[in-house]
Number of protein chains: 4
Amino acid sequence: MPTLVALLHGPDQPGLVARTAGWIYERGGNILHADQHRDMDAGVFFQRIEWEPSNPARAPEIASEFSAFAATLGMSARVRSSARRQRVVLFVSKFPHCFHDLVLRFNSGEYPGEIAAVVSNHTDLAAAARAYGLPFHHIPVTPDSKTSAEAAQLALLRETAADLVVLARYMQVLSGGFLRSLNRPVINIHHSFLPAFAGGKPYHQAALRGVKLIGATAHYATELLDDGPIIQQDVVRVTHRDTVDDLIRKGRDLERVVLAQALRWHLESRVLAYGRKTVVFD
Amino acid sequence: MPTLVALLHGPDQPGLVARTAGWIYERGGNILHADQHRDMDAGVFFQRIEWEPSNPARAPEIASEFSAFAATLGMSARVRSSARRQRVVLFVSKFPHCFHDLVLRFNSGEYPGEIAAVVSNHTDLAAAARAYGLPFHHIPVTPDSKTSAEAAQLALLRETAADLVVLARYMQVLSGGFLRSLNRPVINIHHSFLPAFAGGKPYHQAALRGVKLIGATAHYATELLDDGPIIQQDVVRVTHRDTVDDLIRKGRDLERVVLAQALRWHLESRVLAYGRKTVVFD
Amino acid sequence: MPTLVALLHGPDQPGLVARTAGWIYERGGNILHADQHRDMDAGVFFQRIEWEPSNPARAPEIASEFSAFAATLGMSARVRSSARRQRVVLFVSKFPHCFHDLVLRFNSGEYPGEIAAVVSNHTDLAAAARAYGLPFHHIPVTPDSKTSAEAAQLALLRETAADLVVLARYMQVLSGGFLRSLNRPVINIHHSFLPAFAGGKPYHQAALRGVKLIGATAHYATELLDDGPIIQQDVVRVTHRDTVDDLIRKGRDLERVVLAQALRWHLESRVLAYGRKTVVFD
Amino acid sequence: MPTLVALLHGPDQPGLVARTAGWIYERGGNILHADQHRDMDAGVFFQRIEWEPSNPARAPEIASEFSAFAATLGMSARVRSSARRQRVVLFVSKFPHCFHDLVLRFNSGEYPGEIAAVVSNHTDLAAAARAYGLPFHHIPVTPDSKTSAEAAQLALLRETAADLVVLARYMQVLSGGFLRSLNRPVINIHHSFLPAFAGGKPYHQAALRGVKLIGATAHYATELLDDGPIIQQDVVRVTHRDTVDDLIRKGRDLERVVLAQALRWHLESRVLAYGRKTVVFD
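Model, not experiment: these values are computed from the prediction. (Residues numbered from 1 in each chain as written. Chains lettered and ligands numbered in written order. Predicted model: local features only at pLDDT ≥ 70, side-chain atom pairs only at ≥ 80, totals over all residues. Heavy atoms only, no water.)

Caption draft 1: Seen up close, the overall build of chain A. Within chain A, the regular secondary structure consists of eight helices and 13 strands. For 282 residues, the compact-globule estimate of 2.2 N^0.38 gives 19 Å, and chain A sits close to it at 20 Å. If you line up chain A on its principal axes, its C-alpha atoms span 60 × 40 × 35 Å. Residues classed as buried in chain A amount to 60% of the 282 residues present. Contacts spanning at least 24 positions in sequence make up 66% of the contacts within chain A whose residues lie at least 6 apart. Here chain A displays about 10,900 Å² of accessible surface, and carbon together with sulfur accounts for 54% of that area. Of the charged side chains in chain A, 31 are positive and 28 negative, and the gap between their average positions amounts to 3 Å. (Helix = DSSP H or I, 4+ residues; strand = E, 2+ residues; numbered from the N terminus. Rg over C-alpha atoms; globule rule 2.2 N^0.38 Å. Buried < 20%, exposed > 50% of the residue type's maximum accessible area, 1.4 Å probe, protein only. Contact = heavy atoms within 4.5 Å. Areas by Shrake-Rupley, 256 points an atom, 1.4 Å probe, with all protein chains shown as cover. Lys, Arg positive; Asp, Glu negative; His and termini not counted. Charge placed at Lys NZ, Arg CZ, Asp CG, Glu CD.)

Right, dumping it as structure tokens:
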């Protein structure tokens, strides 16, 4: 039975919970989940509602009607039907761990979506991608070719009708121009507990500083490096015995789990980004 | 500004979210938080709604009216006004750690309630309780005096108009008769990760079994020992180096935090027990 | 530079630390790591020493000489040369997650060992194993064929010169006779926080009991089901919203990490089992 | 039975483990624990040895002799007898949570030491300190009086023969001159996961950045603010629902546990600081 999931946000006002629930109920919809949040300081209301429409065949129209209704309340809404599987493009470089992990999760049916393509600035993972039956596109990036490489990436993302890009340890910074042209969310995994150790070689930085926990952070990519809204973070304990290589090894497990969790929440329409923060309706 | 918090549950049916929110909205109430849950297998709907009534002076009547309305939907509801501070009675024996921890939390304003009395089968904590300005009642319990001791406890709990009993490492089992006569929730902290190591000396059991994590469990007390609905659990890592004394010491920190968290959720009307389980709207 | 790692245990007595270190030092060895533990109650001394021998070519002889020396102190010792890669046989059934995870870790060089073969009572993972270039052996097991199946498994394990068997969600119980004939360690992953929820369907048991954390336990297999010495355990938080399917999904991540960690410690000669417990020199 | 604990460090060279253990063994000492670490990059050897000397009455002389022996190996050593209880001075301001927590731990016998005095720039905790029977010294600090206040603090610390100062949410920065004159370790608790959110109001910074975990860090104080060697860190999960007040409340529990753990390790001679890092022999 397909469901509709709406993510709304807008200026807070009394009655929003009752009115959105009422709208659905009056049209014969059955609300399965409803969660909301108020940012008291910012005066913003956030809501996620999931419901079974009375007439599944009309789901696309109901989605549009709900968005129009939300607009009359001063709220912007994104409504997604569970019947439509989202198309994800993975960007990778040489590290295989997040790549294999995500592919196995998609293959096991964990996610309401599918991998449309794999893009890499290297060829290390080409054979593995093809063994999984995934289209692999090698788009090399050098300082000189960055502009044309991004153009090629954008063309590919349009062709594949990508809904989302996941940077699965992709070791290149995306330009602001690329992000604006793409106009789709991009999720990155950074291998530190941001805002600590932003930038390059965070495990080396962590070893130098002598921290007792290392972290990983999944966030939406923005024009500023390692600065976008954080979706998920986690840490693991380290000791003086751990060398940089140990941190890298421990971090691999962390990166996989944190990125996988963030991707899951995003694909299930549980994440609303606003400013530098996110609301995660888990 | 006082708020009302309702905890509802009953057979699931379409429209419940819309109708409860609608009821409040039509009466000028402003919903601050609303959270719900469906147990699909059991077909039960659970909800917590917190709202500012239009007329705070009428809060008690509105609470009654809401309960009556919920009954028309086939649901039972408990409604509490934030203006009424709950009265908690602490039962302790000799261990001081949970006792001090809870008193300091009440004193710091962490909880919407107050300690009405301290009851103990020993006198070890009498001076500390009185130094905090708390009434302390010594009610010894022996196998022979158990019945009369429980009668004395019940009398005291009625006198103090207790809303809740917290067993802060109280080392006596309460009888089923006591629990039925009391007819108020009782929260216990058990020093293991239930259902592992129920019964006596759980840290010794854990050391014998060689587990790598020890736990603590806060649960509602029922007639069956260490069997009631679990509110909160947590664990801490141990190694082969930890003796039973180390487990006891590490466990103390765990017990304090787990009991404090469970009590907080209960006092904020976030916990609905059903069968052997709980719904915690955190 | 190859190293020797000795794991010793025996009755405690003064001077053991000095004498083992002295023996190595006098022979020109360079101790890299030394860790020890006393079980005060049992009066047992445990030690792990890792050293670079003065003459790597003589490593096998030095290992034998050290074992003989340890025997003169009343201690039994296992000494392993890092130059010899251990041979691991994976037993699997239908679940792919631990299987893929371990293979990828071996392939990435995380472990001082190699997968000698994959054995399964089903054929679901045959293609995946062969795609990784691993020999796959299908040995079906029914109540009637169990004895002959175990005989076939034993023959295979001898042929492959297996040092260790890893039950990577292998859904059959191994008989005591099998374990005695094999006379090699067997590591199992059980999908609960033992001793809670031993036996079948632990996630279903956990959902029924309403626990707030679920766990996974890696342990050495013994004749008694889910009872052997625990190597590693971990937990993950669950809520009333999690269905049995959610527990299974969350548990998959836990099982992978816990089994991978236990295997790593075993292959690095960090684990000494005694009675129902383990010493883990991490 | 009193023990001696030595913390050694110096340039790495072969034979150190054997020679220190041999020295103790030849003099009839019984080694209870020995742990060591090599920083391969820095070429430094670290060791902690705990032993029962053959003649407890000679413990002070044996300690001196061991230090002299360590010097012949090119290592510096600190040796402490468990018979001598360390004297700790607590510096506090207005926050009571770490203060009460530490006092209750000392009172319960958790630590091998005692609180010699409580120093504060405010009087908020004066009554509580005196109720515990602890000498309380009010030394106000203003921008103008800082120099004379530090002089008064130093005089007091000498009078009380303090071995260690613990800043239990003391809200003043200690000058480099103070730290050099004191020449005793100072442990501080910072309410963030350093190096993230150093400086003032870290919970406000964390709320602004939208992190999903908040942390606390216990470290040795140095002249540079929030920069000294880290002893212990931990984190707790937060969500979009947590206001700054919630972060402060959750952080209180974290600060208490992290500071208590760091203090325990220090008092048990488990911590060796070098450069900006620590070795913690736990």
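Caption draft 2: Broad picture of the pattern of salt bridges. Within the structure shown, the criterion is met by 88 salt bridges over all chains. Arg85(C) serves as the salt-bridge partner of Glu114(C), at 3.5 Å between the closest nitrogen and oxygen. Here Glu114(C) is found in strand E6 (residues 113–120), whereas its partner Arg85(C) is found in the loop between strand E4 (76–81) and strand E5 (86–92), with 29 residues between them in sequence. Owing to a relative accessible area of 44%, Arg85(C) belongs among the partly exposed residues under this scheme. When salt bridges that share partners are traced, they join Asp101(A), Arg105(A), Glu110(A), Arg252(C), Asp253(C) and Arg256(C) into one network. (Salt bridge = Lys/Arg side-chain N within 4 Å of Asp/Glu carboxyl O.)

Caption draft 3: Region of the structure containing the interface of chain D and chain A. Taken together, the contacts link 33 residues of chain D with 33 residues of chain A. Interface of chain D and chain A: buried area, both sides summed, is about 2,900 Å²; carbon and sulfur atoms make up 53% of it. Ranking the residues of chain D by area buried against chain A places Arg209(D), Lys212(D) and His240(D) at the top, with a combined share of 25%. The interface formed by chain D and chain A holds four salt bridges in total. For Asp234(A), the salt bridge is made with Arg237(D), and the minimal N-O distance between the two is 3.5 Å. The tally of links between chain D and chain A comes to 26 residue pairs in polar contact (both at pLDDT 80 or more). (Buried area = accessible area lost by both parts, 1.4 Å probe. Polar contact = N/O pair within 3.5 Å; in protein donor to acceptor, adjacent residues only side chain to side chain.)

Caption draft 4: Looking closely at the interface of chain C and chain D. Between chain C and chain D, the contact holds 15 residues from the first and 15 residues from the second. Of the roughly 1,400 Å² buried between chain C and chain D, counting both surfaces, carbon and sulfur atoms make up 59%. On the chain C side of the contact with chain D, Ala18(C), Tyr25(C) and Arg38(C) bury the most area, a combined 30% of that side's loss. There are zero salt bridges connecting chain C and chain D. Taken together, chain C and chain D are joined by six residue pairs in polar contact (both at pLDDT 80 or more). Elements with a contribution of two residues or more to the side of chain C that touches chain D: helix H1 (16–26) and strand E2 (30–39) of chain C.

Caption draft 5: Broad picture of unusual backbone geometry. Cis peptide bonds are those with omega within 30 degrees of zero, and the linkage from Leu194(A) to Pro195(A) qualifies with 10°. Examined against the element boundaries, Pro195(A) turns out to sit in the loop between strand E9 (186–190) and helix H7 (202–209). Unlike most non-glycine residues, Lys201(A) shows phi in positive territory, near 50°. One can find Lys201(A) in the loop between E9 and H7. In this structure, Arg169(B) takes a positive phi of about 60° despite not being glycine. Tracing the sequence through the fold places Arg169(B) in the loop between strand E8 (164–167) and helix H6 (176–182).

Caption draft 6: Local environment of helix H8 (residues 244–267) of chain D. Residue and element names in this part refer to chain D. Taking 1.5 Å of rise per residue, the 24 residues of H8 would be expected to cover 34 Å, and the 33 Å separating its terminal C-alpha atoms lies within 8% of that figure. Of all the bends found along H8, the most pronounced is centred on Gly251 and spans about 25°. Judged by how many residues are buried, H8 sits mostly within the fold: 17 of 24 residues are covered. In the stretch just after H8, Ser269 is the one whose phi turns positive, near 55°. (Expected span 1.5 Å × (residues − 1). Bend = angle between axes of the 7 residues up to and from the residue.)

Caption draft 7: Region of interest: the sheet that holds strand E3 (residues 44–52) of chain C. All names here are of chain C. The strand order E2-E3-E1-E4 describes an open sheet built from four strands, whose pairing is antiparallel. Strands at the two margins of the open sheet, each flanked by one partner only, are E2 and E4. Here the average twist between neighbouring strands, direction ignored, is 10°. Sheet contacts for H1: strand E1 (4–11), E2 and E3; angle to E3, the most-contacted strand, approximately 20°. (Pairing = 2+ DSSP bridges. Axes fitted to C-alpha atoms, helices over the stretch in contact; angles between N-to-C directions.)

Caption draft 8: Region of interest: the relation of the copies chain D and chain A. Mapping chain D onto chain A calls for a rotation angle of 180° and an axial translation of 0.0 Å; the resulting RMSD is 0.0 Å. In symmetry terms, the pair is related by a two-fold rotation axis. Within chain D, Ala196(D) has its C-alpha nearest the rotation axis, a separation of 2.3 Å. Same-surface contact between copies: 100% of interface residues of chain D are shared with the interface of chain A. (Least-squares fit on C-alpha atoms with pLDDT ≥ 70 in both.)

Caption draft 9: Broad picture of the sheet that holds strand E1 (residues 4–11) of chain D. Residue and element names in this part refer to chain D. Strand order in the open sheet formed by four strands is E2-E3-E1-E4, with antiparallel pairing between adjacent strands. Every interior strand has two partners, whereas the edge strands, strand E2 (30–39) and strand E4 (76–81), have only one. Pairs of neighbouring strands in the sheet enclose a mean axial angle of 10°, with direction left out of account. Here E1 runs beside strand E3 (residues 44–52); their pairing, made up of eight bridges, is antiparallel. Its bridge partner being in E3, Leu4 is matched across the sheet by Trp51.

Caption draft 10: How the structure looks around the pairing of E3(D). Residue and element names in this part refer to chain D. Across the nine residues of E3, eight count as buried, placing the element largely inside the fold. Alignment of E2 against E3, held across nine bridges, turns out to be antiparallel. Paired with Ala34 across the two strands is Ile49, which belongs to E3. Hairpin connection between E2 and E3: a loop of four residues separates the two successive antiparallel strands, and Gly43 in this loop has a positive phi of roughly 70°.

Caption draft 11: Here's a closer look at the packing of H1(C) against helix H1 (residues 16–26) of chain D. Close contact between H1(C) and H1(D) brings their axes to 8 Å; oriented N to C, the two are set at 135°. With respect to each other, H1(C) and H1(D) are oriented oblique. As for how H1(C) packs across H1(D), the hand of that crossing is left-handed. Each of Val17(C), Ala18(C), Arg19(C), Ala21(C), Gly22(C) and Tyr25(C) in H1(C) lies in contact with H1(D), whose residues at this interface are Val17(D), Ala18(D), Arg19(D), Ala21(D), Gly22(D) and Tyr25(D). Its residues assigned to classes, the contact of H1(C) with H1(D) comprises eight nonpolar, two polar and two charged. (Parallel < 35°, antiparallel > 145°, perpendicular 65-115°, else oblique. Left-handed = near helix turned anticlockwise from the far one by under 90°. Nonpolar A, V, L, I, M, F, W, Y, C, P; charged D, E, K, R; others polar.)

Caption draft 12: A look at the relation of the copies chain C and chain D. In screw terms, the move from chain C to chain D is a rotation of 180° and a rise of 0.0 Å along the axis, fitting with an RMSD of 0.0 Å. Same-surface contact between copies: 100% of interface residues of chain C are shared with the interface of chain D.

Caption draft 13: View of the side chain of His219(C). Its location among the elements puts His219(C) in strand E10 (residues 213–220). Aside from chain neighbours lying at most four places away, what touches His219(C) is Val186(C), Ile187(C), Asn188(C), His190(C), Leu194(C), Asp226(C), Asp227(C), Gly228(C), Pro229(C), Ile230(C) and Ile231(C).

Caption draft 14: The state of the cysteines, seen in detail. If you walk through the whole model with that rule in mind, you get zero disulfides over all chains. Cys98(C) supplies the cysteine sulfur nearest to Cys98(A), a cysteine that is in no disulfide, at a spacing of 18 Å. (Disulfide = S-S within 2.5 Å.)

Caption draft 15: Representation of the packing of aromatic side chains. The full count for this structure, using the stated rule, is 34 aromatic pairs over all chains. Linked through ring pairs, Trp23(A), Trp51(A), Phe66(A) and Phe69(A) together constitute an aromatic cluster. (Phe/Tyr/Trp six-rings, centres within 6.5 Å; stacked < 30°, edge-to-face > 60°.)

Caption draft 16: Representation of the domain arrangement of chain A in the model. Residue and element names in this part refer to chain A. Assigned domains of chain A: these are domain 1 (4–81) and domain 2 (86–280). Of note, the centres of domain 1 and domain 2, computed from C-alpha atoms alone, are 30 Å apart. Facing eleven residues of domain 1, the contacting portion of domain 2 comprises nine residues. A combined buried area of about 930 Å² lies between domain 1 and domain 2, and 58% of that area is made up of carbon and sulfur atoms. Our count for the domain 1 to domain 2 interface comes out at zero salt bridges. If you look at where domain 1 meets domain 2, you find five residue pairs in polar contact (both at pLDDT 80 or more). When contributions to the side of domain 1 that touches domain 2 are tallied by element, the ones reaching two or more residues are strand E1 (4–11), strand E2 (30–39), strand E3 (44–52) and strand E4 (76–81). Its residues placed into classes, the side of domain 1 that touches domain 2 shows four nonpolar, three polar and four charged. (Domains from an automatic or database assignment.)

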